[in-house]
Amino acid sequence: MPETDTLIDWPEEGVARAPYAVFSDPAIYAAEMRRIFRGPVWHYLGLEAELPEPGCYRLIDVGDTPVIVLRTPDGGINALVNRCAHKGTMLLFEPFGRIERLMCIYHNWSYDLDGCLRSVPFARGINGKGGMPASFDMAENGLDRLRVESLGGVVFGTFSEETPPLEAYIGERLMPNYRRMTQRPFKVLGYYSQYLDSNWKLYFENATDPYHATILHAWATRLKLNRFTMEGAIEMSERGWHHLSWSKMATDRDGEVYETEAFRSGGGDFDEFGLHDPSVIEQWDEFGDGITTAIQTAFPNFVLQQIHNTIATRYLVPRGPAGSELVWTVLGYADDDDRQTGIRLKQGNLIGPSGYISLEDGMVGSLVQKGIEGDKDKASVMEMAGRSVESIVNSRASECGVRGFWTAYRELMGV
């Protein structure tokens, strides 16, 4: 395979540009699977709350690789590649369940919950004939394993021994918000999943881009849920790979700008716009700090979100060069009372494939994918607040988070 620096001709402006070719080229996609998804990064694998007892498992894809995440008899968590060592058959198919062992339906090779091969049918043959050779060593034919770390009830895994410890990977600057949101045990309220007709990087650009949030999402802007005229910031990790964007709804002081014709939310079509049932945006101060929106990312494909009282994780699965799958896990906290759970469930309508806020995010990536198809030698422009990946205080009018994503991408892809 050619090296990636020969695959990608990156513009001289650096991370202030992203060449359109990276969103559709099959050779680049294959290189991403090797260098990023099998590289020195942490991948979201799920929640401890999804694995309450020994033998409980969930399935997840890490790039193109199917993975089983399970609770071991001693209470630990393993992540095993969902592929029999014999012929490569997937071992489990249901997304969640509970098992005592792993057995391949094809030839019944059986593994324990550590991925160790325990039995091979007819290993000694029949009547002294056939069977496995004497040199066959079951200890050398177990399942491939990922390194696993759990932090605040969230489980991550990596294929690389070079990946730094998880806290160091997230970075000291961003850990306070991570701890803020994971300080209490989670409970799962539900899931959303949607297929996107766009390359995985286009959605993750969107997740790291507050610039679009108060423009594209005219519904939220009109209802004064999220505006750049609110107090907020974009905080970048030390390496510039990950970002946090936050804002405080109650601090909006100059929001009249959004009532002008310069914004869709201020146009005539929205003059009579409102809610028949305002309880859908009923809320309380979740953490006692006034922050009403906080979007935190970890490269390459993880999002931890607070949108009012809607807490969720998102992870993005590449599905070929021009497709991806976005999975949301909607959360509450184990000590929530019934009223709080009810508010969270109703606010779940803000997000997901048809969410009042998130609907446009699933659509706009496909518009980009189609728009760039004929000009793969060109590049996108990302110069809002300059060309750096530095944090920006008292403003979110910046694309530093997107440039941070491309900083990590270029480093791992060697371009």
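Caption draft 1: Focus on the pattern of salt bridges. Using the criterion set out here, one finds 24 salt bridges in the structure. Across the pair Arg 344 and Asp 336 runs a salt bridge whose closest N-O atoms are separated by 2.7 Å. This pair shows no difference in class: Arg 344 is buried, exactly as Asp 336 is. Note that Glu 373 is salt-bridged to Lys 376, the shortest N-O span being 3.1 Å. The structure contains a network of salt bridges with shared partners spanning Arg 184, Glu 286, Asp 335, Asp 336 and Arg 344.

Caption draft 2: Representation of empty space enclosed by the protein in the model. Per the stated rule, a full pass over the model turns up three cavities of 30 Å³ or more. The space that makes up the largest cavity amounts to roughly 310 Å³. Lining the largest cavity are 23 residues; nearest its centre among them are Ala 213, Asn 226, Thr 293, Ile 295 and Ile 307. Ranked by the residues each element gives to the lining of the largest cavity, the list is headed by strand E14 (residues 243-248), at four residues. Here the lining of the largest cavity is built from residues that sort into nine nonpolar, ten polar and four charged. In this structure, the second largest cavity spans a volume of roughly 80 Å³. Lining the second largest cavity, in full, are Trp 42, Phe 156, Leu 166, Tyr 169, Ile 170, Leu 174, Tyr 178, His 242, Gln 296, Thr 297, Ala 298 and Phe 302. Counting residues per element, the ones that place at least two in the lining of the second largest cavity are helix H3 (166-170) and strand E15 (293-298).

Caption draft 3: Structural context of the layout of surface pockets. Space inside the largest pocket adds up to approximately 420 Å³. If you go around the largest pocket, you meet 20 residues; those closest to its centre are Leu 202, Glu 205, Asp 209, Val 368 and Glu 399. Breaking the lining of the largest pocket down by element, the ones donating at least two residues are helix H5 (200-207), helix H9 (359-371) and strand E19 (379-381). Taken together, the residues that form the lining of the largest pocket break down as twelve nonpolar, four polar and four charged. When its volume is computed, the second largest pocket comes out at roughly 290 Å³. Arg 58, Leu 59, Ile 60, Pro 95 and Tyr 315 are, among the 18 residues lining the second largest pocket, the residues nearest its centre. Residue assignment for the lining of the second largest pocket shows that the elements contributing at least two residues are strand E3 (56-62), strand E4 (65-71), strand E12 (186-196), strand E17 (310-318) and strand E18 (324-333). Residues belonging to the lining of the second largest pocket are distributed by class as follows: twelve nonpolar, two polar and four charged. Two domains each donate at least three residues to the lining of the second largest pocket, and these are domain 1 (43-150) and domain 2 (171-413).

Caption draft 4: Highlighting the domain arrangement of the protein chain. Under the domain assignment, the protein chain is made up of domain 1 (43-150) and domain 2 (171-413). Its C-alpha centre places domain 1 at a distance of 36 Å from the equivalent point of domain 2. In this complex, domain 1 contributes eleven residues to the contact, which on the side of domain 2 involves 13 residues. Across the domain 1/domain 2 interface, buried area totals approximately 970 Å², and carbon plus sulfur atoms make up 63% of it. Considering only the surface of domain 1 that becomes buried against domain 2, Tyr 44, Leu 47 and Asp 61 emerge as the three largest contributors, covering 50% of it. One can count one salt bridge joining domain 1 with domain 2. Asp 61 is the salt-bridge partner of Arg 319, the closest N and O atoms lying 2.9 Å from each other. Where domain 1 touches domain 2, the interface holds four residue pairs in polar contact (both at pLDDT 80 or more). Secondary-structure elements contributing two or more residues to the side of domain 1 that touches domain 2 are strand E2 (43-47) and E3.

Caption draft 5: Up close: the environment of Lys 376. Along the polypeptide, Lys 376 turns up in the loop between H9 and E19. Overall, Lys 376 belongs to the partly exposed group, its relative accessible area being 36%. In sequence terms Lys 376 and Ser 24 are 352 residues apart; their C-alpha atoms lie 8.6 Å from each other. When residues no more than four places from it in sequence are discounted, the contact partners of Lys 376 are Tyr 20, Ala 21 and Ser 24. Reaching out from Lys 376, the side chain makes a polar contact with the side chain of Ser 24 at a distance of 3.3 Å.

Caption draft 6: Seen up close, the sheet that holds strand E8 (residues 110-111). Taken in spatial order, the three strands of this open sheet run E7-E8-E9, and their pairing is antiparallel. Of all strands in the sheet, those bounded by a partner on one side alone are strand E7 (102-103) and strand E9 (117-119). Relative to E8, E7 runs antiparallel, the two being bridged by two bridges. What sits directly across from Leu 102, in E8, is Tyr 111.

Caption draft 7: Spatial organisation of unusual backbone geometry. Cis geometry is found at the peptide bond from Phe 299 to Pro 300, where omega equals 10 degrees. Even without glycine at this site, Asn 108 takes up a positive phi of about 65 degrees. If you trace the backbone, Asn 108 turns up in the loop between E7 and E8. Residue Asn 108 is classed as partly exposed on the basis of its relative accessible area of 32%. Its identity is not glycine, yet His 308 carries a phi of approximately 60 degrees, on the positive side. Along the polypeptide, His 308 turns up in the loop between strand E16 (302-307) and E17. Using a relative accessible area of 2% as the deciding quantity, one classes His 308 as buried.

Definitions and limits used
Within every chain, residues take consecutive numbers counted from 1 along the sequence as written. Residue-level local features of this predicted model are given only where pLDDT is at least 70; pairs of side-chain atoms are given and counted only at 80 or more, and the full residue set underlies all totals for whole chains, interfaces and linings. Values reported for side chains reflect all heavy atoms of the structure, with hydrogen atoms and water molecules removed beforehand. For this analysis, a salt bridge means a side-chain nitrogen from Lys or Arg found within 4 Å of a carboxyl oxygen belonging to Asp or Glu. Type-normalised accessible area, obtained with a 1.4 Å probe on protein chains alone, sets the label of each residue: buried when under 20%, exposed when over 50%, and partly exposed for intermediate values. The way it works is a 1 Å grid over only the protein atoms, where trapped points that fit a 1.4 Å probe form a cavity and open points with protein on both sides within 12 Å along at least five of seven lines form a pocket, and then any residue with an atom within 4 Å of a point lines it. Grid points are joined across faces, edges and corners, and a volume is the space filled by probe spheres set on the points. Helix numbering and strand numbering both begin at the N terminus, where a helix is a DSSP run of H or I of at least 4 residues and a strand a DSSP run of E of at least 2. Gly falls in the polar group here, along with every residue not listed as nonpolar (Ala, Val, Leu, Ile, Met, Phe, Trp, Tyr, Cys, Pro) or charged (Asp, Glu, Lys, Arg). Domain start and stop points were drawn from an automatic or database domain assignment. Residue contacts are counted whenever heavy atoms from the two residues lie within 4.5 Å of one another. A simple way to read buried area is as the amount of 1.4 Å-probe accessible surface that goes missing from two parts once joined, with both sides added. Polar contacts, as counted here, are pairs of nitrogen or oxygen atoms within 3.5 Å of one another; within protein the pair requires one atom able to donate a hydrogen and one able to accept it, and residues that are adjacent in sequence qualify only if both atoms are side-chain atoms. Strands qualify as paired when DSSP identifies two bridges or more between them.

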